[in-house]
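Below, each chain spelled out in residue letters.
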Amino acid sequence: MQAGTTGSESFEQWRETMRHTRAAELTSEHADTFAAVVHQTHVGPVSVLKTSFPSIQVRRTQRMIRRCDQELYHLTLLTSGRGLVETGGAPQPLTAGNLHLVASPQPYDARFRGEPGEPGASGERAHVDGVGVDLPMSMLPLPARRVRPLLGRALPADRGAGVLLATFLTGLAAQAALLRPGEAARLSTATVDLLSAWLAGQLDIEGSLPPQTRQAVMLHRVKSFIHQNLHHPDLTPSVVAAAHHVSLSYLHREFTRDSQGETLAAFIRRQRLAKAYRDLADPALHDLPVHVVAARCGIPQASVFTRAFKATHGMTPSDHRRRARTVVPPGSEHAQAAE
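Residues numbered from 1 in each chain as written. Predicted model: local features only at pLDDT ≥ 70, side-chain atom pairs only at ≥ 80, totals over all residues. Heavy atoms only, no water.

(A) Seen up close, the pairing of strand β11 (residues 128–136). Of all nine residues that make up β11, nine are buried, and the element is covered over most of its length. Side-chain alternation along β11 places V128, G130, G132, D134 and P136 on one buried face and D129, V131, V133 and L135 on a second face that is also buried. Bridge count between strand β4 (residues 46–53) and β11: seven bridges; the pairing is antiparallel. When the bridges of β11 are listed, L49 appears paired with G132. Relative to β11, strand β6 (residues 72–80) is paired through eight bridges, and the arrangement is antiparallel. Looking at β11, one finds that S80 is bridged to D129. (Buried < 20%, exposed > 50% of the residue type's maximum accessible area, 1.4 Å probe, protein only. Helix = DSSP H or I, 4+ residues; strand = E, 2+ residues; numbered from the N terminus. Pairing = 2+ DSSP bridges.)

(B) Expanded view of the layout of surface pockets. Size it by volume and the largest pocket reaches roughly 1,400 Å³. Surrounding the largest pocket, 39 residues form its lining, F168, L187, A190, H220 and K223 being those nearest its centre. Within the lining of the largest pocket, the residues separate by chemical class into 14 nonpolar, 15 polar and ten charged. (1 Å grid on protein atoms, 1.4 Å probe; cavity = no way out; pocket = protein on both sides within 12 Å on 5 of 7 lines; lining within 4 Å. Points joined across faces, edges and corners; volume = space filled by probe spheres on them. Nonpolar A, V, L, I, M, F, W, Y, C, P; charged D, E, K, R; others polar.)

(C) Spatial organisation of the environment of T167. Residue placement: T167 occurs in helix α4 (residues 161–175). You can call T167 exposed: its relative accessible area is 55%. Counting along the chain gives 90 residues from T167 to L77, while the straight-line C-alpha distance between them is 9.8 Å. One polar contact links the side chain of T167 to the main-chain carbonyl oxygen of V163, over a distance of 2.9 Å. (Polar contact = N/O pair within 3.5 Å; in protein donor to acceptor, adjacent residues only side chain to side chain.)

(D) Local environment of the packing of helix α5 (residues 181–203) against helix α6 (residues 211–228). Packing of α5 against α6 leaves a shortest axis separation of 9 Å and a crossing angle of 95°. As summarised for this structure, α5 and α6 are arranged roughly perpendicular, according to the angle between their axes. Taking contact as the criterion, the partners of A190, D193, L194, S196 and A197 in α5 are, on α6, T213, A216, V217 and H220. Tallied by class, the residues present in the contact of α5 with α6 amount to five nonpolar, three polar and one charged. (Axes fitted to C-alpha atoms, helices over the stretch in contact; angles between N-to-C directions. Parallel < 35°, antiparallel > 145°, perpendicular 65-115°, else oblique. Contact = heavy atoms within 4.5 Å.)

(E) Structural detail: the environment of L169. In this fold, L169 is placed in helix α4. A residue is classified by how much of its surface remains accessible, and L169, at 2% relative accessible area, is buried. Once the C-alpha coordinates of L169 and V131 are considered, the two residues, 38 residues apart in sequence, prove to be 6.8 Å apart. Excluding residues within four positions of it along the chain, L169 makes contact with L75, L77, L99, V131 and V133.

(F) Inspection of the sheet that holds strand β10 (residues 108–113) at higher detail. Ordered in space as β2-β5-β10-β7-β8, the five strands form an open sheet in which the pairing is antiparallel. Because the sheet does not close on itself, it has two edges, and the strands there are β2 (25–27) and β8 (92–95). The average angle at which neighbouring strand axes cross in this sheet is 15°, direction not considered. Pairing of strand β7 (residues 82–86) with β8 involves four bridges; the strand directions are antiparallel. If you follow L84 over to β8, its bridge partner there is P93.

Shown next as structure tokens:
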């Protein structure tokens, strides 16, 4: 589902759209000039949302809770703007970069406002932008009573599992509509694993997570570590294992099992060549010599890089760069003339 709205009548349309995801009272002081965007995609039982809107108030009462029999967690990463969430205690302020979690069985009152002068995703100024997921509470391996102290709080997304979760949510919201069914099923499981690990870390109860969840999160951390360190030529499976305080044999076994046969060394090589493929086609990097692009991807030997690139992509790095330069960007004057 995708929707964009503008004006007072459109505020009612947007509010009706959002009611499909949250049984709550939605009001806005900008109802007469309301401009908002919402993208919703279902990834298995998980609903992924990307939203941009002016200031709003979201109020969920006990009466609304009694009328709704579906118990959901609503997790949001605020990417611009600020908020104030009250779940029965002192109001919790939220700022861009915070994660926060609420549960449908609990009343809450939340206010969100764009920062003056801050552009939003909808193209208007002073908007609130965020990405998030809704998922059945029953999917989490953590009891609801253990999670309850975290509801409505501003929680950090700048360290540990919070970084992984925030990065994952942003990527999931961007790509959710393009996923194939098999990919969607795997990513809904990954969402639950990362959310569970993040919550358990906040509560200092990581040991209570199922072994499969801890293993899945470890592999997410491994892949994130690899992507961040592709430029290091000495990035090897041994280095990765040491950085994550696990034995090389254990990491090989778990990684190969999770990737359906691809080894860790093969994954590192594939990611390096994929990055080189993208960088060689990037107009901003056209002045970089091919061997410099290769070195930036962790392959300092030019001859080794050329052979591996051609074996993978069926052309030399230079040929790929030349072809990329001749592709006419959609919407350009040349493209319009060709049409």
